[in-house]
Amino acid sequence: MSQYRLEVRVKPRPGLLDPQGKAIHHSLNSLGWEGVNDVRVGKAIYIDIDAESADAALEAADAMCRKLLANPVTEDFEVSMVGTPEKTDS
Amino acid sequence: MKVAVITFPGSNCDYDLFKAAQQVGGDTTFVWHRERGLKNYDVVLLPGGFSYGDYLRAGAIARMSPIMEDVIAFANSGGPVLGVCNGFQILCESGLLPGALMHNDSLKFESKDVLLRVERADTLFTSDYDPGQILRIPIAHGEGNYGADTETLATLEAEGRVVFRYVNAAGETSEEANPNGSWQNIAGITNEAGNVLGMMPHPERAMEELLGSTDGVALFTSMVASLQTS
C-alpha cells in the first residue's frame, strides 16, 4: 500500500447558471477589472488515500465522484494526482 | 395513517410537517436518520431544512444516511413519499426523482409566499384539489432552481409528472412568477409511478388561517383519502 494525494475538481457544467461565479464576476468588474468576461466557480477536494497503485487511487476517486462528490446533472469533474501526503505536507 | 417524519441533522421543518400530519389525523412519529426500518408506516415525509449544512450540495450527504435505504425501498414498494424543500433536494440526490435543484437564478435566498397552479389533481397527494386551482404557499430556499437534461424534462412533461407550477395571479406561468429560474416554472414533480412527490414550496406552513393560508391542508387530506381508498 502507498499513500497518494488526489485533487478532485468539481465544476458547474457549461451553460448552467453559476450564481457564485456571476456575483464574483460583477465584483471583479466593479473593482476595475473590466476585461473580466466570465467567472465560473467550482471546488477542489483533496483526498489522501491508501491504495495499491496510483491507478487504483485514481479509480477509487472516480468512483467517489460518481457516488457522492459530483452531481452528474449539474457538474463535471476531473481527478488528478498531486503527489503523496508526505511530499506535499511540508 | 401512520406517518414517519425523517429527521436529519440540520432539518428544521420537521416539527411543521409533524404538526401538519397530526392535523389531518396522522399517527405521526419522528424517525432519526440513523434508525432503520419503515415497514410499519403508511406515509414517509422528508422535511425541509439544511441537512448537514448543505455541505457539498444540498441533500447530497443526507442521501447517504442509513434511513435513506429504507426510504428508497419504501418508495419502490409503492409507499407514498413526500419531500418538501430540502426533502425534494434529497429525493433528487437519491435518484428517487430525476433532475437537480440548482442555485436560484435571482442569486438570492427567496423567502415569500408564491402562487402555485395545481397541474394534476389526480395524484395521491392532490386529489382534494381542483385541477388548475391556484394555491398560496410559502417558499424559503436558496437552491430551488429545478433543471434536468432535455430528455428528462421532455419525459416529465409528456408523462404529466409536473404537479405544481409557479404562476401569477392570473394563473399564468410568467417569468415574473418564477421565483428561482426553474425550467417551465416547475415547483413540484412526481416519480414515474406517482407515489413520490418532491416540491420546493412548503404546504406544511400553509395549514392555518392565522399563518396566512390554509392551501396546504388539502395536500395532507389527499394522502389520508388515498390510504382509505387503497
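Overview of the structure. Keep in mind the model is a prediction, meaning the values are calculated, not measured.

## Here we look at the overall build of chain A
Phase 1 of the analysis: Secondary structure summary: chain A contains 3 helices and 3 strands in total.
Phase 2 of the analysis: Going from the N terminus to the C terminus, chain A shows its helices and strands as β-α-β-α-β-α.
Phase 3 of the analysis: Relative to the compact-globule value of 12 Å for 90 residues, chain A shows a C-alpha radius of gyration of 17 Å, a clear excess of over 25%.
Phase 4 of the analysis: Along the first, second and third principal axes, the C-alpha atoms of chain A reach 50 × 35 × 15 Å.
Phase 5 of the analysis: Out of the 90 residues belonging to chain A, those deemed buried represent 18%.
Phase 6 of the analysis: Restricting to contacts in chain A with at least 6 residues of sequence separation, those with at least 24 account for 69%.

## With respect to the sheet that holds strand β1 (residues 2–12) of chain A
Residues and elements named next belong to chain A.
Phase 1 of the analysis: Strand order in the open sheet formed by 3 strands is β2-β1-β3, and the pairing between neighbours is antiparallel. At either end of the open sheet lies a strand with only one pairing partner, and these are β2 (43–51) and β3 (75–83). Strand after strand, the sheet turns through a mean of 25° between neighbouring axes, direction not considered.
Phase 2 of the analysis: The sheet contact formed by β1 and β2 spans 9 bridges and is antiparallel. Along β2, the bridge assignment pairs E7 with Y46.

## Notes on the interface of chain A and chain B
Phase 1 of the analysis: Opposite the 9 residues of chain A that make contact, chain B presents 12 residues.
Phase 2 of the analysis: Grouping the amino acids of the side of chain A that touches chain B by side-chain chemistry returns 6 nonpolar, 2 polar and 1 charged.

## Observations concerning the sheet that holds strand β4 (residues 81–84) of chain B
Residue and element names in this part refer to chain B.
Phase 1 of the analysis: The 9 strands are arranged β2-β1-β3-β4-β11-β10-β9-β6-β7 in an open sheet whose pairing can be described as mixed. Pairing within the sheet leaves two strands with one partner each, and these edge strands are β2 (27–32) and β7 (134–141). Across this sheet, the average inter-strand angle for adjacent strands is 25°, counted without regard to direction.
Phase 2 of the analysis: Note: strand β6 (residues 110–118) against strand β9 (residues 162–167), 4 bridges, orientation antiparallel. If you follow L116 over to β9, its bridge partner there is Y166.
Phase 3 of the analysis: The sheet strands contacting helix α1 (residues 14–23) are β1 (2–7), β2, β3 (43–46) and β4, and the helix crosses β1 at an angle near 175°.

About the cut-offs
Residues numbered from 1 in each chain as written. Chains lettered and ligands numbered in written order. Predicted model: local features only at pLDDT ≥ 70, side-chain atom pairs only at ≥ 80, totals over all residues. Helix = DSSP H or I, 4+ residues; strand = E, 2+ residues; numbered from the N terminus. Rg over C-alpha atoms; globule rule 2.2 N^0.38 Å. Buried ≥ 20, exposed ≤ 12 C-beta atoms within 10 Å, placed from the backbone. Contact = placed C-beta atoms within 7 Å. Pairing = 2+ DSSP bridges. Axes fitted to C-alpha atoms, helices over the stretch in contact; angles between N-to-C directions. Nonpolar A, V, L, I, M, F, W, Y, C, P; charged D, E, K, R; others polar.

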